[in-house]
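# Residue-level structural notes
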Amino acid sequence: MSRGEHHRIHAHDRVQRNRLRVAQEAARLMSEHGIRDFHHAKLKAAERLGILDTQALPRNLEIEQALREHQRLFLADSQPQLLRQRREAAAEAMRFLAAFEPRLVGAVLEGTADAHSAVCLHLFSDDPDAVDLYLREHGVPVETQTRRLRYSRDEQPEYPVLLFAADELPFDLTVLPRDALRQAPLDRADDRPMRRAALTQVEILLAEDDDDAFEQRLSAALR
């Protein structure tokens, strides 16, 4: 092996080690400090570690994988309960908002929700004010914002967002037009169409959670 090839291999290994370090630190920051934005988390992690090489910045999917591993190692006793609580709240909210064909998205669907996570729903109405009016008529005070969702590099429309809390849990509702049911925006983690779940799918997730919990209790009892 030539000296130049040895240096290239060594440099590649160093970059890969740094990518893993940044991903793990970004996952820790997201878990402990409630940072939700992958890009912000990776930049802050790289700064804290003193890693300046842009090639050592992990992809969002690598950070999401590191976050799952962090939760498995350090939050195994609490995170599943926090996730379950939010999935139950999501199902209840989806029944309440059934007229707007709600879809669960984000960390609560993906299974990475923690104490900092909001229940994120996509709602569909050709009248962007209809959801706001519906909530206020039912005594739910909301804060309004806007959010851009990406469908392609050039297509990033802006949609209204409604924020509120119920039973001390934060809710984040994005209101899209009805025809947006046909095409999901791109996920920030992997640039693929975002996973979205209807109420029946959320109920299946809850049933699977029940089965997993039963198997864990049974396994513990048989030890």
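Notes on the structure in this doc start here. (Residues numbered from 1 in each chain as written. Predicted model: local features only at pLDDT ≥ 70, side-chain atom pairs only at ≥ 80, totals over all residues. Heavy atoms only, no water.)

### Examining the packing of helix α2 (residues 38-49) against helix α3 (residues 60-74)
Where α2 meets α3, the axes come as close as 10 Å, and the angle between the chain directions of the two elements is 80°. Here α2 is positioned roughly perpendicular relative to α3, judged by the angle of their axes. Residues F38, H39 and K42 of α2 pack against N60, I63 and E64 of α3. Taken together, the residues of the contact of α2 with α3 break down into two nonpolar, two polar and two charged. (Axes fitted to C-alpha atoms, helices over the stretch in contact; angles between N-to-C directions. Helix = DSSP H or I, 4+ residues; strand = E, 2+ residues; numbered from the N terminus. Parallel < 35°, antiparallel > 145°, perpendicular 65-115°, else oblique. Contact = heavy atoms within 4.5 Å. Nonpolar A, V, L, I, M, F, W, Y, C, P; charged D, E, K, R; others polar.)

### A short note on the pattern of salt bridges
Under the counting rule described, the total for this entry stands at 15 salt bridges. We note a salt bridge from E110 to R195, for which the minimum N-O separation is 2.9 Å. Of the two residues, E110 is situated in helix α5 (residues 107-110) and R195 in the loop between β5 (169-176) and α7 (199-222); the sequence distance between them amounts to 85 residues. By relative accessible area, which is 18% here, E110 ends up buried. (Salt bridge = Lys/Arg side-chain N within 4 Å of Asp/Glu carboxyl O. Buried < 20%, exposed > 50% of the residue type's maximum accessible area, 1.4 Å probe, protein only.)

### Let's talk about unusual backbone geometry
Residues other than glycine seldom take positive phi values, yet D167 does so here, at roughly 50°. Turning to its location among the elements, D167 is positioned in the loop between β4 (158-166) and β5. Residue class for D167 comes out exposed when judged on its relative accessible area of 70%. At E168, a residue that is not glycine, the phi angle is positive and equals roughly 70°. Take E168: it is sitting in the loop between β4 and β5.

### A word on the sheet that holds β5
In space, the five strands of this open sheet follow the order β1-β2-β5-β4-β3, with mixed pairing throughout. Only two strands of the sheet have a single partner each, and these edge strands are β1 (103-105) and β3 (143-148). Taking each pair of neighbouring strands and ignoring which way they run, the sheet shows an average axis angle of 30°. Lying on the sheet, helix α4 (residues 79-96) is in contact with β1, β2 (119-124) and β5; it crosses β5 at an angle near 45°. The strands touched by helix α6 (residues 130-137) within the sheet are β2, β3, β4 and β5, with β4 carrying the most contacts at an inclination of about 15°. (Pairing = 2+ DSSP bridges.)

### Looking at the environment of P157
Mapping P157 onto the fold places it in the loop between β3 and β4. Accessibility expressed as a relative area gives 24% for P157, which makes it partly exposed. The spacing of P157 and L176 is 19 residues in sequence and 9.9 Å in space, taken between C-alpha atoms. In contact with P157, other than residues within four places in its own chain, are R147, R148, L149 and Y151.

### Some words on the nonpolar core
Residues L104, L121, L135 and L173 are the most contacted members of the largest nonpolar core, which totals 29 residues. Going through the elements one at a time, α4, α5, β2, α6, β4, β5 and α7 are the ones with two or more residues in this core. In terms of residues, this core owes the most to one element, α4, which gives six residues. For L121, the contacting residues outside a window of four places in its chain are A93, M94, L97, R103, L104, V105, D172, L173 and T174. In this structure, A26, M30, I51 and A56 belong to the second largest nonpolar core, which totals 17 residues. (Core = buried A, V, L, I, M, F, W, Y, C linked by side-chain atoms within 4.5 Å.)

### Re the packing of aromatic side chains
Under the criterion given, the structure shown has three aromatic pairs. When the centroid spacing of 5.1 Å and the interplanar angle of 45° are considered together, the rings of F96 and Y134 count as tilted. Here F96 is found in helix α4, whereas its partner Y134 is found in helix α6, with 38 residues between them in sequence. Assessed through its relative accessible area of 32%, F96 is described here as partly exposed. Taken together, a centroid distance of 5.0 Å and an interplanar angle of 0° make the contact between F164 and F171 stacked. Each member of the pair, F164 as well as F171, is classed as buried. (Phe/Tyr/Trp six-rings, centres within 6.5 Å; stacked < 30°, edge-to-face > 60°.)

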